[in-house]
Structures are given as structure tokens and as C-alpha cells.
Amino acid sequence: MRKLASFDRPAQQTSRLVIAGAIHTVDAQGSTATAMLTDRGRIVAIGTAEECRDAAAALRLDPEVVDLGDAVVVPGFVDAHAHPLMYGQLMTWVDCGPEKAGSIPEIVALLKAAAADLPAGRPVRGYGYEHRNLAEQRHPSRFELDEVAADREVYLMNASGHGGVVNSYTLALNGVDRDTPDPEGGEIFRDADGELTGEISDAACNMLTGVHGVKIGHHGPNFHLADEPEEHLRQLDAATQRFLAGGVTTIGDAQVSRREFDMYLRLAEAGRLELRVSMYLLSHLLDDALEMGLVGQFGNAHLSFAGIKLYADGTLGGWTAYFPDGYVGDPCRTGQLYHEPAEYTALIRKAHAAGLQTATHAQSPTAIEMVVSAIEAALAERPDDDARHRIEHCGLPTPEQIRRMAAAGIRPVNQPQHYFNWGEGVEQAIGTPGERFNPLGEFEAAGVPFTISSDAPVAEPIPLEAIQTAVTRVTRRGHKLGPDNLRVSAGAALRAHTYEGAVSLGREDDLGSLEAGKYADFAVLGADPLSVEADEISQIPVLETWVAGERRYAMARVEALT
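If you're wondering where the values come from, they're calculated on a predicted model, not measured in any experiment.

## As for the environment of Gln 235
Okay, step 1: Tracing the backbone shows Gln 235 in helix H7 (residues 229-245).
Okay, step 2: Sequence spacing of Gln 235 and Tyr 87 is 148 residues, and the spatial spacing of their C-alpha atoms is 7.9 Å.
Okay, step 3: Discounting residues that sit within four places of it in the chain, Gln 235 has contacts with Leu 85, Gly 88, Gln 89, Thr 92 and Asp 227.
Okay, step 4: A distance of 2.9 Å separates a polar atom in the side chain of Gln 235 from a polar atom in the side chain of His 232.

## A word on the sheet that holds strand E11 (residues 186-190)
Okay, step 1: Taken in spatial order, the six strands of this open sheet run E7-E8-E9-E10-E12-E11, and their pairing is mixed. Every other strand in the sheet has two partners, leaving strand E7 (94-95) and E11 as the edge strands with one partner each.
Okay, step 2: One ladder, built from three bridges, connects strand E10 (residues 163-166) with strand E12 (residues 196-202); its direction is antiparallel. Bridge pairing links Val 165 to Glu 199 in E12.
Okay, step 3: Relative to the sheet, helix H3 (residues 104-117) contacts E7, strand E8 (124-129) and strand E9 (154-158), its axis offset from that of E8 by approximately 150 degrees.

## Some thoughts on the packing of aromatic side chains
Okay, step 1: A full pass over the atoms with the stated rule returns nine aromatic pairs.
Okay, step 2: When the ring of Tyr 87 is compared with that of Phe 243, the centres are 5.7 Å apart and the planes differ by 70 degrees; the resulting orientation is edge-to-face. Residue Tyr 87 is located in helix H2 (residues 84-90), and its partner Phe 243 is located in helix H7; the two are separated by 156 residues in the primary sequence. Residues Tyr 87 and Phe 243 agree in their burial class; the two are buried.
Okay, step 3: Aromatic side chains Trp 93 and Tyr 155 sit 6.0 Å apart centroid to centroid with 70 degrees between the ring planes, which places their arrangement in the edge-to-face category. Of this pair, Trp 93 sits in the loop between H2 and E7 while Tyr 155 sits in strand E9, and the two are 62 residues apart along the sequence. Here the two residues Trp 93 and Tyr 155 agree in accessibility, since each one is buried.
Okay, step 4: Pairwise contacts between aromatic rings join Trp 319, Phe 323 and Tyr 327 into one cluster.
Okay, step 5: Note that Arg 473 overlies the ring of Tyr 419, its terminal NZ or CZ placed 4.3 Å from the centroid.

## Digging into the packing of helix H11 (residues 365-381) against helix H12 (residues 399-408)
Okay, step 1: Packing of H11 against H12 leaves a shortest axis separation of 11 Å and a crossing angle of 30 degrees. Our classification of the angle between H11 and H12 gives roughly parallel. As for the relative orientation of H11 and H12, their crossing is left-handed in sense. For the pair formed by H11 and H12, the contact residues are Pro 365, Ile 368, Glu 369, Val 372, Ser 373, Glu 376 and Leu 379 on the first element and Gln 401, Arg 404, Met 405 and Ala 408 on the second.

## A few points about the nonpolar core
Okay, step 1: Val 73, Phe 243, Ile 391 and Phe 522 are the most contacted members of the largest nonpolar core, which totals 112 residues.
Okay, step 2: When residues in this core are grouped by element, the largest group, nine residues, is from H11.
Okay, step 3: Dropping the residues within four chain positions of it, Ile 391 is found in contact with Thr 360, Ala 362, Ile 368, Val 371, Val 372, Met 405, Ile 410, Arg 411, Pro 412 and Val 413.
Okay, step 4: Grouped together as the second largest cluster of nonpolar side chains are 18 residues, Ile 104, Leu 134, Ala 149 and Val 154 included.

## Some details on the pairing of strand E17 (residues 357-362)
Okay, step 1: Of all six residues that make up E17, six are buried, and the element is covered over most of its length.
Okay, step 2: For strand E16 (residues 303-311) and E17, the ladder comprises five bridges, and the chain directions are parallel. The residue of E17 that forms the bridge with Lys 309 is Ala 359.
Okay, step 3: Once you follow E16 into helix H10 (residues 341-353) and on to E17, the crossover reads as right-handed.
Okay, step 4: Examined bridge by bridge, E17 and strand E18 (residues 390-393) share four bridges and lie parallel to one another. Bridge assignment links Ala 362 to a residue of E18, and that residue is His 393.

## Some thoughts on unusual backbone geometry
Okay, step 1: Following Ala 456, the chain continues to Pro 457 via a peptide bond in cis, the omega torsion being 15 degrees.
Okay, step 2: If you trace the backbone, Pro 457 turns up in the loop between strand E20 (451-452) and helix H15 (463-472).
Okay, step 3: With a phi angle near 60 degrees, Arg 60 is a residue other than glycine that sits in the positive phi range.
Okay, step 4: For Arg 60, a relative accessible area of 79% translates into the label exposed.
Okay, step 5: In the Ramachandran plot, Ala 548 falls in the positive-phi region, its phi being about 55 degrees despite a non-glycine side chain.

## Quick look at the pattern of salt bridges
Okay, step 1: Applying the stated criterion to the full structure yields 34 salt bridges.
Okay, step 2: We note a salt bridge from Asp 182 to Arg 190, for which the minimum N-O separation is 3.3 Å.
Okay, step 3: Judged by its relative accessible area of 28%, Arg 190 falls in the partly exposed class.
Okay, step 4: Across the salt bridge formed by Arg 266 and Asp 262, the nearest N and O atoms sit 2.9 Å from each other. Here Arg 266 pairs with Asp 262, and both are found in helix H8 (residues 258-269), just four residues apart, close to one helical turn.
Okay, step 5: A network of salt bridges, in which partner residues are shared, links Glu 369, Glu 376, Glu 400 and Arg 404.

What counts and what doesn't
Residues numbered from 1 in each chain as written. Predicted model: local features only at pLDDT ≥ 70, side-chain atom pairs only at ≥ 80, totals over all residues. Heavy atoms only, no water. Helix = DSSP H or I, 4+ residues; strand = E, 2+ residues; numbered from the N terminus. Contact = heavy atoms within 4.5 Å. Polar contact = N/O pair within 3.5 Å; in protein donor to acceptor, adjacent residues only side chain to side chain. Pairing = 2+ DSSP bridges. Axes fitted to C-alpha atoms, helices over the stretch in contact; angles between N-to-C directions. Phe/Tyr/Trp six-rings, centres within 6.5 Å; stacked < 30°, edge-to-face > 60°. Buried < 20%, exposed > 50% of the residue type's maximum accessible area, 1.4 Å probe, protein only. Lys NZ or Arg CZ within 6 Å of the ring centre and 35° of its normal. Parallel < 35°, antiparallel > 145°, perpendicular 65-115°, else oblique. Left-handed = near helix turned anticlockwise from the far one by under 90°. Core = buried A, V, L, I, M, F, W, Y, C linked by side-chain atoms within 4.5 Å. Right-handed = clockwise from strand over helix to strand, strands pointing away. Salt bridge = Lys/Arg side-chain N within 4 Å of Asp/Glu carboxyl O.

Here you go:
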């Protein structure tokens, strides 16, 4: 019998007095301090250096002094919606994003170079392309990927994470031809003559995952590919370091199956879980969770169960979000709903009746309406002023839906980097209404607390980039998306990526702000995001990241200055 792994014991054994140019506490008063006393992973006092020294003397502590000079300290960023294992997995793939390739021939060249270095028969996998960022303004075809390899699988994942393009070998290997029907919840794309283009979306990606993939059918898309457990652990380790480098100390994993759950337990047992993870189990596991009696949050400071993740529709980036009248950019596409409204309402009712928080992916007004209506019905049956049901992404809610979200206490969890990376594409897809994509300013005006996150690997876990985009609404190409009333202040954006993230995870008693009694999770920045020009926020270096009073990441100062 293995002994219980004590991975919740505080690592900090030496009290510390942290002194900085400014410490933004993100508390209810929006206070700014200059010193913070920490002990055994918690904040003991915060204020001036003199006040913290007095507190240390009263507690008979002899703290080590950590003088950060004129650096700025903020709470550790909370990335309330991310996919760490998938992100770590993609780090082993070929980066075909806009900074690496601006055209289809450049993507093919990157994949060819990778194929030349791989053992015979090993699949070639790339990620990160967004067709509207390519010179050709279209998806690559299977014939173009055939140039990479004709004797092995080639898969190029779209930046949305909800599909991509495969080569002819992959289609033939899986017995897919022009007469193969689309799977429920996905599409195998064809051209005007009915010929396979190689593009696949959502549940059609089942062909890549094999018999041990995440087979979740109509409960949502399937895009996690299986590797050996030890490889998954290495991937999670690598992803963890990237999150820490961005100043992230807490993650909400928004797609947890048995595989992810197992990997987190293994990582924790090995003492390698350096940040905090709140897990959302996929909805196909709802009955299993209820059978085991998981009717509320459980876990410890580093690994916890938070709720149930559902899908209403697809993605705006991949044009699979549900627009029943078709896309302006492609009237033949409508996207899809993953549930009929009555079926989805029953799932929400079941989870809510058990006291479980739900987090539903929904992008289009039709999908958001299904979610809001279901939550309203569940609350009418069992009132709960603090249910905190979430809508993930919540890309295009109507003003009336936003008002109803405020009344029902529904929390949107948004990703400004989505429109930083491909915001113009939403307008191309659905027309002028697309400029309202992620309407943070409208949420704020309606009294709807919003949360900012990355959705990594759909975007890199770089909170300062997300905050800048929330403030400016300027895309990677320099296009400003929508009117100024959709923007928010830097202070509001910082709060959305710290305190509101903690609230969305049910962790605000311990995390999200720098206050006495809370965990000493914080990021050390090279400049003040609340005082620099808005278009400079993303350039601020993250110098250090601390979790529970211990430094878990440090950028070399020479690196920070170059």
C-alpha cells in the first residue's frame, strides 16, 4: 500500500518580508502597499515595511528580507479556463502560428522539416494556424499536406483547437471517403464537388484519438490525443513552467476526463504540482460524479474539483459556433449545438440540484440563450443566490441576455486574446455584429462580474497580453474591434484576471487578492500595468512568480532588460 502523498503541506519554512515599489492588493478598496510579510505560505501582514516589521516582532518572527527594488507586485494571475495537458502536448508539436508562418507554403515547409527529423511512420502534428491570418485567406487542403508526407499521418490543428486539416493518408487510414457520413457533433468537410478537403471539426477529430481517446460524443468536441502516461507527465511539467513564466499561479482546467484527473494525481504524488489546479469534469462524467457523491467542491489548496464542464456549441474561430441562418462568410456553414435544448436543460437541472457549479462553452446568441434559459429554469426550481454558473467564452451575448445573466448571477469567463489573435475573422464570419465579440465593457456596465483567462493552448498563457487587449481591443493586425464602450480599464482587467478568476473557481477566500490570511501567491512585474501606456502592458516582463511564499519562477534580470 502506498502512503498518502502530503502535497498540501506548505513548502515555506522561512518567514519573509517582501518589499517592492508598489504592491497592488486588488482588495475591495483597491489598496496599494509597499511591503508584505509571509509565513508558512500565507500572508501575515501587508502595508508599509514598518507595519510589517511590527507584525513580525509581535509574532516573534525573524523574516528574511526580499527587496524587489522598484518592481511591482500583483496577485498571482488566475487562469480560470485553460487546458494544461493539451497545451503541454502541443508544445511538442510544430508551431505553425502567425509568428512562424504567414502562408500555406511556409506551413508546409515547417511540417516537412519536422517530418525529416522524425522516425519513419511517426505522425507529423502542427498547430496554431488561423486561416484568416494566412496570405491565402483559406484553410490548407489535404493535397497540400500530402506534400509533407504520404506515408504517415499529418494533422494541422486550427488555432481554435476545435479541428484542423489532415492529409489523404490519415483519411484513408480511418476509412473516410467522400461517402462517409459526418459524425454527430462534427463535420468532415467537402468541396462543391463533394470531394474531401481534409478539413475536419469537433467530433470528426475522433479519427485521430484512437480507441483510448476522449470519446465524449455529443457532450462536446474530441481533440485530446493520447500519449503514454510518462509523456503526459512531461507535457504537464512543461506546461506548468510556461504558466508560471506568465505569472499564473492558479488554473481552472476546463476539460477534465479520467486521463487528466489521473495525470494530476500522479504529478501531485511526485511532488511536481507547483501551481494550483481546479478541475471541471466533462459532462459525460456527471452521473459518475453523482454516483460517487461529488456534490460540492473538494480537494486541497493545490488540487481540487470545482464543477462540471458542458458544451453548447462550437467555436467562432473555427466557424463551428451555432448560427442557424448560416455564416456571412460561408452561408453553407451553420455550426452545431451539442445538445437539444431540452436535453441540455435536464443536464443543468441535474447538476444544479446536486449543488454543482456548471461551466458551459457557448459562443453564439442561440447557444447562449440555451444556457441562460436552462440556468434560469434550474434556479426557479431550486433558488441559490451563489450558484456561480459560468458561461465559457460567452462571445456574442445580446444586451438582453447580459441583463438576465446579471439577474441570475451567471459569470462569463472570457478570453480577450481570442480577438487579439483573430478578431477580424469574427466580423468576416458573421458580419458587423462580430465587432461586439467578448463585450467586456457591456458586462461591466450591466453589473456582470467578468473573468479573463487564456484558453491555452488556443492562446498563450500571457495574462498581460490579455489585459492589454481588454483595455485596447486592438488585434494582432492593429485593427480596433468595436466601439470604446466595449473596453475596460487596466484596473478592471487586472481584477478580472486575479480576484474575479478566484471567485469563478470558488477560491476567493484564499486566492485572488493580496490580503492577510490568504495564500502568498503573487507575480513580480518589471513595470506597473496600471500606469504604463495601454499598448505597452503586454511588454511588461514577469520577473518572478511566487506560490505559497516560495519563488517558483525567476527571469534572469539580464533577460528582462533585453
